[in-house]
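Structural features, examined
One letter stands for each residue in the lines below.
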Amino acid sequence: TCAVALTVLGWTHDIAIRGFGIGCVYMTEHLSSLGGLLVSYLLLHRFALTATTLTTRTLELRHRYDELQHVQGELVRKEQLAAVGELSAVIAHEVRNPLAVLKTAAAGLRKDGIGLEDRGTLLGVLDEETDRLNRLVRDLLAYARPVEPQLADISVDELVSRSIDAARSIVASVGHEPDIDTSGLTGRVRGDKDLLERVIAQIVSNAIEAMPDGGTLTVRSEVIPMGSESGVAIHFEDTGEGMDTLVRERAVDPFFTTRPTGTGLGLAIVERIVKAHGGTVEIQSSDHGSTVSVLLPGH
C-alpha cells in the first residue's frame, strides 16, 4: 500500500511539475504578447502627442507667417510712399526752376520799350528752358516705363557705330568733338537693339560732354565669362575730367547730376535697361578720365 501511495505521489508530482512547466510556457507567450501590445500603445501614444504638437506648431508658424507677410506689406507700402514723396520733391524742384525762369522771361517780354537784342535773349531763354522741361518729361517717362527687351543677336561693332552717330546729334552743341577709337570692338550680344543703342548713346554723350576741350574716347569690347555662359564687356574710356568718389558712387542715382542742364536720369535709365538684359554697369574713374563698362550676355 505504501509503495502504491508513493508511486501515485510520484506521478502526481511529475504531473504537477509538467503542468507548471506548460503553464509557464503559456504565460510566457501571453506575457510577451502583452508586452508587445504595451510597447505599441506607448509608441502610438507618443506619435499622437507628436502629431498634436506638430499641428500646434504648424498653426503657430502659419500665424507668424501671416503676421510677417502683413508687416512686410506695410514696410513695402511705406517704402513706396517714401520713394513717391522723394520723387515728387525732386520733380517739383526740377520743374519749379525752369518755370521760374520762364515766368521771369515772359515778364521781361511784356515790358514796354524792350530792345530787339534783349527780346532775342529772352526768347532764347524761353526755348532753352522749354527744351529742358521736355527733356525732363522724356527722361521721366523713359525711367518709369517698364523695360521689356525684345532680344535678338546683335553685332557689337554695328551697335556701337549706330549709337555713336546718335550721340553726336545729342551733343552737337559741344565746341570740339573728341576723337573716337572703335577699332577694338569684337563679339556679339543678345539684346534689344533700340534699347541698347540708347544705352550706348547716353554713355558716349556723357563722355563727350566730359571732354569739352577735346580728347579721346576709346570704345573696345572683350568676351568674358558670365556665370556658366559667356558674355561681352563693352568699355568706354574717356580722357576727360574724371569723377571723384562721391560722384562715382552716386552716378547712377536718379536725378543726380553735376551739369546744370542735366536731368540726372541718363545713367539711371542706362542701369535699368542693362539690368533688364541680365547685365551690369561698372564705373571706374581717376584724374585722367573715366571708364564705363557695360557687361551683357553673349549671343
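Everything below is about the structure printed above this text.
A brief structural summary. (Residues numbered from 1 in each chain as written. Predicted model: local features only at pLDDT ≥ 70, side-chain atom pairs only at ≥ 80, totals over all residues. Heavy atoms only, no water.)

On to the packing of helix H4 (residues 193–209) against helix H6 (residues 266–276). Two numbers describe how H4 lies on H6: the axes approach to 9 Å, and their chain directions differ by 145°. The interaxial crossing formed by H4 with H6 has left-handed handedness. Every residue of H6 that contacts H4 at Leu195, Arg198, Val199, Gln202, Ile203 and Asn206 is listed here: Gly266, Leu267, Ile269, Val270, Ile273 and Val274. Looking at side-chain class alone, the contact of H4 with H6 contains eight nonpolar, three polar and one charged residues. (Axes fitted to C-alpha atoms, helices over the stretch in contact; angles between N-to-C directions. Helix = DSSP H or I, 4+ residues; strand = E, 2+ residues; numbered from the N terminus. Left-handed = near helix turned anticlockwise from the far one by under 90°. Contact = heavy atoms within 4.5 Å. Nonpolar A, V, L, I, M, F, W, Y, C, P; charged D, E, K, R; others polar.)

Take the side chain of serine 155 next. With respect to the element layout, serine 155 can be found in strand E1 (residues 152–155). The class of serine 155 is buried, set by a relative accessible area of 16%. (Buried < 20%, exposed > 50% of the residue type's maximum accessible area, 1.4 Å probe, protein only.)

Before going further, it helps to examine the packing of helix H2 (residues 116–144) against H6. Between H2 and H6, whose axes approach to 9 Å, the crossing angle comes to 25°. If you check the angle between H2 and H6, you find them roughly parallel. The crossing of H2 and H6 is left-handed. On H6, the residues that touch Asp139, Ala142, Tyr143 and Ala144 of H2 are Ala268, Ile269 and Arg272. Of the residues in the contact of H2 with H6, the class split is five nonpolar, no polar and two charged. (Parallel < 35°, antiparallel > 145°, perpendicular 65-115°, else oblique.)

All right, on to the sheet that holds strand E2 (residues 179–184) then. Read from one edge of the open sheet, five strands run E2-E4-E5-E7-E6, paired in mixed fashion. Looking at the sheet topology across the chains shown, the edges are occupied by E2 and strand E6 (280–286). Strand-to-strand twist in this sheet, taken as the mean axis angle between neighbours without regard to direction, amounts to 20°. Judged from the seven bridges that link them, E6 and strand E7 (residues 289–297) form a sheet pairing that is antiparallel. Bridged to isoleucine 283 within E7 is valine 292. Here H6 sits on the sheet in contact with E6 and E7, set at roughly 140° to E6. (Pairing = 2+ DSSP bridges.)

Regarding H6, the residues found buried are Gly266, Leu267, Ala268, Ile269, Val270, Ile273 and Val274. Tucked into the core, H6 has its buried residues touching H2, H4, E6 and E7. A positive backbone phi angle near 80° is found at glycine 278, which sits one or two residues after H6.

Among the nonpolar cores identified, the biggest contains 38 residues, and Val160, Val189, Val204, Ile234 and Phe236 are the most heavily contacted of them. Mapped by element, the contributors of at least two residues to this core are H2, helix H3 (156–170), H4, strand E4 (216–226), strand E5 (229–238), H6, E6 and E7. Of all the elements, H4 adds the most residues to this core, at eight residues. In this view, isoleucine 234 contacts Val156, Val160, Val219, Arg220, Ser221, Val292, Ser293, Val294 and Leu296; residues no more than four positions away in its chain are not counted. Residues Leu102, Ala105, Ile114 and Leu126 belong to the second largest nonpolar core, which totals seven residues. (Core = buried A, V, L, I, M, F, W, Y, C linked by side-chain atoms within 4.5 Å.)

For the rest of this paragraph, the subject is a nonpolar patch on the surface. On the surface, a nonpolar cluster with roughly 410 Å² of combined accessible area is contributed by Val39, Leu43, Leu44 and Phe47. By secondary structure assignment, the location of leucine 44 is in helix H1 (residues 2–110). (Patch = residues over 30% accessible without salt bridge, like charges linked within 9 Å, V, L, I, M, F, W, Y side chains within 5 Å. Areas by Shrake-Rupley, 256 points an atom, 1.4 Å probe, with all protein chains shown as cover. Salt bridge = Lys/Arg side-chain N within 4 Å of Asp/Glu carboxyl O.)

Counted according to the given criterion, the structure contains six salt bridges. Here arginine 188 makes a salt bridge to aspartate 153, at a shortest N to O gap of 3.1 Å. Highlighted residues: arginine 188 in strand E3 (residues 188–191) and aspartate 153 in strand E1, separated in sequence by 35 residues. Between glutamate 197 and arginine 162 there is a salt bridge; the shortest N-O distance is 2.5 Å. One end of the pair, glutamate 197, is in helix H4; the other, arginine 162, is in helix H3, and 35 residues separate them in sequence.

Between its first and last C-alpha atoms H2 spans 42 Å; for 29 residues at 1.5 Å apiece the expected length is 42 Å, and the two agree. Along H2, the residues that are buried comprise Leu122, Leu126, Glu129, Arg132, Leu133, Leu136, Asp139, Leu140 and Ala142. (Expected span 1.5 Å × (residues − 1).)

Turning to the environment of phenylalanine 236, a few remarks are in order. Position of phenylalanine 236 relative to the elements: it lies in strand E5. Each C-alpha atom, one on phenylalanine 236 and one on threonine 182, is 9.7 Å from the other, the two residues being 54 residues apart in sequence. If sequence neighbours within four positions are ignored, phenylalanine 236 has contacts with Ile200, Ile203, Val204, Leu217, Thr218, Val219, Ser290, Thr291, Val292 and Val294.

Function cannot be inferred from these measures alone, as they are strictly geometric.
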